[in-house]
Amino acid sequence: MLIRREHTDSGGLLGIWKIDESRGELLQLFPEHMRSEVVERIKAIRSERRTIEWLSTRILLLALLNKEKTTLNHTADGKPYLEDGTHHISISHTKDYAAIYLHQNHLVGIDIEIRSERVNKVARKFIGDNEYIDPSQKTVHQLLHWSAKESMFKLMEENEIHFKHHLHIHPFSPATKGIITATETKTDRNRTFKIDYEVHPDYVLTWITG
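Analysis parameters
- Residues numbered from 1 in each chain as written.
- Predicted model: local features only at pLDDT ≥ 70, side-chain atom pairs only at ≥ 80, totals over all residues.
- Heavy atoms only, no water.
- Axes fitted to C-alpha atoms, helices over the stretch in contact; angles between N-to-C directions.
- Helix = DSSP H or I, 4+ residues; strand = E, 2+ residues; numbered from the N terminus.
- Parallel < 35°, antiparallel > 145°, perpendicular 65-115°, else oblique.
- Left-handed = near helix turned anticlockwise from the far one by under 90°.
- Contact = heavy atoms within 4.5 Å.
- Nonpolar A, V, L, I, M, F, W, Y, C, P; charged D, E, K, R; others polar.
- Pairing = 2+ DSSP bridges.
- Polar contact = N/O pair within 3.5 Å; in protein donor to acceptor, adjacent residues only side chain to side chain.

Caption draft 1: A look at the packing of helix α4 (residues 119–126) against helix α5 (residues 138–156). Where α4 meets α5, the axes come as close as 10 Å, and the angle between the chain directions of the two elements is 50°. Relative to α5, α4 is oriented oblique. Considering only the axes of α4 and α5, their crossing is left-handed. Contacts from Val119, Asn120, Ala123 and Phe126 in α4 reach Lys138, Thr139, Gln142, Leu143, His145, Trp146 and Lys149 in α5. Within the contact of α4 with α5, the residues separate by chemical class into five nonpolar, four polar and two charged.

The following block contains the structure:
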């Protein structure tokens with residue numbers, strides 16, 4: 001179910017799909033003349049979860065662009081792109097949700113993460129020693145660090161990025177929504193980014209425009 005479709009302040013188009021349909025229900029959402037092609041495409045996907053993600057992502061793309069002929073492909077290193085070249089695109093999945101961020105002129109990155117305590121077990125692998133985590137909001141703050149770095153990673157188009165050593169989140173305290181400032185030290189440019197974020201009851205969301 002489409003739960004969000006909106007233009008961002010930077011001129012991008014953001015969408016979120018709540019994945020509460022079965023494979024068959026998602027197939028029925030495609031225009032009838034597209035279904036046979038879609039069925040052929042998903043035959044090669046072995047995982048049921050991956051199949052659901054594939055279907056929901058393409059239904060979300062149709063809902064955002066209202067263009068049936070927009071084909072979504074991936075580069076050799078897994079980066080998504082639109083065959084017609086009309087928009088830059090970034091995609092994210094988490095349990096029960098799919099998110100897409102599109103922009104006609106700029107590179108983009110988006111990440112959505114289900115809220116879970118599991119992040120506490122791996123936080124030391126991606127949070128730098130000098131990065132601030134609010135002890136009163138530890139889990140959500142760690143998730144926002146991870147999500148923001150994922151969005152940066154997707155936008156940067158660089159190989160061998162180490163989240164802990166190359167991506168640095170400036171100190172902030174989580175609110176319901178806001179801006180995260182971050183700097184990368186992977187390249188000689190040492191770029192600083194502004195990353196939008198939101199905290200929802202089920203998930204956190206971050207997105208960035210290059």
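The rest of the description comes next.
Caption draft 2: Examining the sheet that holds strand β7 (residues 108–114) more closely. With antiparallel pairing, five strands are arranged side by side in an open sheet as β7-β11-β10-β9-β8. Both outer strands of the open sheet, β7 and β8 (167–169), are each paired with one neighbouring strand and no more. Ignoring which end each strand starts from, the neighbouring axes of this sheet average 25° apart. Of the pairings in the sheet, the one linking strand β10 (residues 192–199) to strand β11 (residues 203–209) comprises four bridges and is antiparallel in character. In the sheet register, aspartate 196 faces β11, and the bridge partner there is tryptophan 207. Seen against the sheet, α5 touches β7, β8, β9 (177–184), β10 and β11 and runs at an angle of roughly 150° to β7.

Caption draft 3: Spotlight on the side chain of serine 92. For serine 92, the location among the structural elements is in strand β5 (residues 88–94). Engagement of the side chain of serine 92 in a polar contact is seen with the side chain of aspartate 111, the distance being 3.3 Å. Engagement of the side chain of serine 92 in a polar contact is seen with the backbone nitrogen of isoleucine 112, the distance being 3.0 Å. When near neighbours in sequence (up to four residues on either side) are disregarded, serine 92 contacts Tyr97, Ala98, Ala99, Ile110, Asp111, Ile112 and Lys154.

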